[in-house]
Amino acid sequence: MGALRVILGDQLSRDIAALDGLDAARDAVLMMEVAEETAYVPHHKQKIALILSAMRHFADDLRAEGIRVDYVALDDPANTGSFTAEVRRALQRHRIDRIVVTEPGEWRVLAALRDWAALFDCPVEIRDDTRFFASRARFVRWAAGRKSFRMEYFYREMRRESGLLMQGDAPVGGQWNFDAQNRRRLPRGHIVPSRRRFSPDAITAEVLALVERRFAGHFGSLADFNWPVTRDQAQQALEDFITDALPLFGDYQDAMRGGEPFMHHSLLAPSLNIGLLTPREVCARAEAAFRAGHAPLNAVEGFIRQILGWREYVRGLYWLRMPDYAAFNMLEAQRPLPAFYWSGETPMACLRHAIADTHRHAYSHHIQRLMLTGNFALLAGIRPQAVCDWYLAVYADAFEWVELPNTLGMALFADGGLLASKPYAASGAYIDRMSDFCGSCAYDVKQKSGPRACPFNRLYWAFLIRNRRHLAGNPRLAMPYRQIAAMDATRQSTLLREAEDFLDGLEA
Ligand code: FAD
Ligand code: DLZ
Ligand code: SF4
């Protein structure tokens, strides 16, 4: 008798807790490609291809070590299509006296796993996911007794505990945060780093064909599939990023340019989230680049903050507040998702670019997600759950533990300020400042009303007026609410009516 060690599609790390203490002579590893996971939202084709290809490569690596891997392929005729039913079948194939699994990244999967012991009358050990800097229990301790959960304070504790960018008890450079130096516009003529191509091997080619066949109706194109699917490839991508893109990551973190989806970003989120890289090694590598004089502090601190700060913090918040968190809708937003989120067909140049990049690469960078598609959904009052389903489907790095707090909390302010101290609402002026989109747009970013006015302008003021009840008391919004107070009632109702007319004209 041995243990059945279950590895899920985002747990592809050799040092994953479920493999600790594995006895190759008696234990079996179970990996399952299941319809339920490929269909709980209509995932981008590249996301499905990435996960299935990486799973198959990981299984081969384990087998090469002499480990018995029971791998259920998606097109296996006996495949029942769910984790629970596949574990039941596996228990019939192996002599098993316990199941060992690492805690999953999604609440809905954890809820299913918790039923296994009773369903199968077999002990189930659910181990902590030790790949994170902070365990779930560590975050709960940090959050206990706090009225508000600001990322910055959590991040400082993580810096102290990890020792990253520390000099004794003080932050390197005398400051915890160099965010103010991370907001430059991309100069004209600046050449952004090009990216290495990972040619599909036989496994990936087979998966791409399977996905094209089985998920033809899903959003996205496979033509430019270029995600690392093995740990070796992910390590190459990390080294390329450190050499080519990290030095200016900080300066241009918020900048956008048409035709340049990647800018100086790392594209490492999919590799981190499925386990090909660990957050510790990525942060250590970035710190080493700083200590070697290869990259400046504003770049390295900014990059490490995203992983050690934001990534850990949103995970903590997710587990602290689920399952209620998913239903929050503090601003009572009820509009359906406009059809252009899927088709990309809109005269708004900024959104057209962001959605086209998403379709082509299953990627857009943080500011595109937050200040273009997210900002529009916030201003337009789109129902948070529809927006969350879209984000969960369309990005290669999307897993609910990280997607939900970013979308519902950060982009939509639907959690009433648990995550962010004010909504990230912006008019067209912000987009114009940080990008070159407005020059090629059918709308005029300088106009505030009338048929050619940039929709973000009208929607911005209408959003604040519409949500006065929820937001006017927020000290960080005092200035725009003073501007609204100075507008006469006719101006306010014209703004509201123009915004409503525009939104009513969008196809749902
Ligand atoms: P970089 O800009 O190079 O950043 C480095 C790393 O920092 C990323 O790889 C990522 O691991 C981490 N990181 C950066 N920002 C965040 C953040 N806000 N939260 C958590 N980790 C962060 N990230 C996901 O991994 N999965 C998601 O499903 C996801 N959904 C998002 C939805 C919305 C509405 C928004 C605003 C952000 C979302 N993010 C998500 C966060 C962030 O946009 C992506 O992590 C980032 O764009 C991935 O690209 P990159 O690897 O090039 O990141
Ligand atoms: C996202 C995804 C997809 C598309 N397919 C699979 C799969 O076939 N098998 C699997 O083990 N995992 C898959 N995943 C990732 C899971 O959804 C992920 O492990 C859960 O969301 C838990 O975090
Ligand atoms: Fe976007 Fe408005 Fe600029 Fe057009 S004018 S690109 S809609 S911000």
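A. Geometry of the site of ligand 2. Taken together, 18 residues form the shell around ligand 2, and within it Gly-9, Asp-10, Met-32, Val-34 and Glu-37 come nearest. A distance of 2.9 Å separates an oxygen atom of ligand 2 from a polar atom in the backbone of Gly-9. Within the backbone of Met-32, a nitrogen or oxygen atom sits 2.7 Å from a nitrogen atom of ligand 2. When the free accessible area of ligand 2 is taken as 480 Å², the share hidden by the protein chains comes to 100%. Mapped onto the shell around ligand 2, the elements with two or more residues apiece are helix H1 (35–39), helix H2 (45–64) and helix H4 (107–114). A per-class count over the shell around ligand 2 returns 9 nonpolar, 4 polar and 5 charged.

B. Highlighting the sheet that holds strand S1 (residues 2–6). Taken in spatial order, the 5 strands make up an open sheet running S3-S2-S1-S4-S5, and their pairing is parallel. Looking along the sheet, the strands with just one partner apiece sit at the ends: strand S3 (69–72) and strand S5 (124–127). Each strand axis lies, on average, 20 degrees off the axis of its neighbour in the sheet, ignoring direction. Where S1 lies against strand S4 (residues 96–102), 5 bridges are found, and the strand directions are parallel. Following the sheet pairing, Arg-5 is matched in S4 by Val-100. Across the sheet, H2 is in contact with strand S2 (28–32) and S3; its angle to S3 comes to roughly 160 degrees. Against the sheet, helix H3 (residues 83–93) touches S1, S2, S3 and S4, its axis set at about 150 degrees to S2.

C. The nonpolar core, seen in detail. Counting residues in hydrophobic clusters, the biggest one holds 160 residues, and the most contacted among them are Met-31, Leu-246, Tyr-313 and Phe-376. It is helix H12 (residues 297–321) that provides the largest number of residues to this core, a total of 13 residues. Residues contacting Leu-246, with those up to four places away along its chain left out, are Phe-241, Ala-286, Ala-289, Ala-295, Ala-299, Val-300 and Phe-303. Counting residues in each nonpolar core, the second largest holds 19 residues, with Ala-28, Ile-99, Leu-113 and Phe-120 among its members.

D. A look at helix H22 (residues 489–504). Its 16 residues place the ends of H22 22 Å apart at the C-alpha level, agreeing with the 22 Å of an ideal helix rising 1.5 Å per residue. Those residues of H22 that are buried lie in contact with helix H15 (366–380), helix H19 (455–466), helix H20 (468–471) and helix H21 (478–485). Here H22 starts with a cap whose side-chain oxygen sits 3.2 Å from the backbone nitrogen of Thr-490, and that cap is Asp-488.

E. The pairing of S2, seen in detail. With 5 of 5 residues buried, S2 lies mostly within the body of the structure. Burial of S2 is two-sided: the residues Ala-28, Leu-30 and Met-32 facing one way and the residues Val-29 and Met-31 facing the other way are all buried. Examined bridge by bridge, S1 and S2 share 3 bridges and lie parallel to one another. When the sheet's bridge partners are listed, Arg-5 is paired in S2 with Val-29. Bridge count for S2 against S3 is 4 bridges, and the pairing is parallel. Across the sheet, Met-31 pairs through a bridge with Tyr-71, a residue of S3.

F. A look at the domain arrangement of the chain. For the chain, the assigned domains read domain 1 (2–127), domain 2 (136–199 + 219–321) and domain 3 (340–507). Across the boundary between the two partners, domain 1 contributes 22 residues, which contact 19 residues of domain 2. In terms of surface lost to domain 2, no three residues of domain 1 exceed Lys-45, Gln-46 and Leu-50, which account for 33% of the buried area on that side. If you look at where domain 1 meets domain 2, you find 2 salt bridges.

G. Focus on the pattern of salt bridges. Counted under the stated rule, the structure contains 35 salt bridges. Taking the shortest distance from any N to any O, the salt bridge between Asp-60 and Arg-63 comes out at 2.9 Å. Note that Asp-60 and Arg-63 are positioned in helix H2 at a spacing of 3 residues, about one turn of the helix. Among the residues examined, Asp-60 registers a relative accessible area of 36% and is labelled partly exposed. Note that Asp-504 and Arg-335 form a salt bridge whose closest N and O atoms lie 3.0 Å from each other. Here Asp-504 is found in helix H22, whereas its partner Arg-335 is found in the loop between H12 and helix H13 (340–343), with 169 residues between them in sequence. A relative accessible area of 53% means that Asp-504 is categorised as exposed.

H. Helix H17 (residues 400–411), seen in detail. With 11 of its 12 residues buried, H17 lies for the most part within the structure. In this fold, the buried residues of H17 make contact with H4, helix H10 (269–274), H12, H15 and helix H16 (384–394). Positive phi appears at Phe-413, one or two residues downstream of H17, with a value of about 55 degrees.

I. The site of ligand 1, seen in detail. Taken together, 30 residues lie near ligand 1, and His-265, Ser-266, Leu-267, Tyr-363 and Asn-406 sit nearest. Backbone polar atom of Leu-267 to an oxygen atom of ligand 1: 2.7 Å apart, as the coordinates give it. A distance of 2.7 Å is found between an oxygen atom of ligand 1 and a side-chain nitrogen or oxygen belonging to Tyr-363. For ligand 1, whose unbound accessible area comes to 820 Å², protein coverage reaches 99%. At the level of secondary structure, the elements contributing two or more residues to the shell around ligand 1 comprise H10, H12, H15 and H17. Classifying every residue of the shell around ligand 1 gives 17 nonpolar, 9 polar and 4 charged. There are two domains that each give the shell around ligand 1 at least three residues, and those are domain 2 (136–199 + 219–321) and domain 3 (340–507).

What counts as what
- Residues numbered from 1 in each chain as written.
- Chains lettered and ligands numbered in written order.
- Predicted model: local features only at pLDDT ≥ 70, side-chain atom pairs only at ≥ 80, totals over all residues.
- Heavy atoms only, no water.
- Near = heavy atom within 4 Å.
- Polar contact = N/O pair within 3.5 Å; in protein donor to acceptor, adjacent residues only side chain to side chain.
- Areas by Shrake-Rupley, 256 points an atom, 1.4 Å probe, with all protein chains shown as cover.
- Helix = DSSP H or I, 4+ residues; strand = E, 2+ residues; numbered from the N terminus.
- Nonpolar A, V, L, I, M, F, W, Y, C, P; charged D, E, K, R; others polar.
- Pairing = 2+ DSSP bridges.
- Axes fitted to C-alpha atoms, helices over the stretch in contact; angles between N-to-C directions.
- Contact = heavy atoms within 4.5 Å.
- Core = buried A, V, L, I, M, F, W, Y, C linked by side-chain atoms within 4.5 Å.
- Buried < 20%, exposed > 50% of the residue type's maximum accessible area, 1.4 Å probe, protein only.
- Expected span 1.5 Å × (residues − 1).
- Domains from an automatic or database assignment.
- Buried area = accessible area lost by both parts, 1.4 Å probe.
- Salt bridge = Lys/Arg side-chain N within 4 Å of Asp/Glu carboxyl O.

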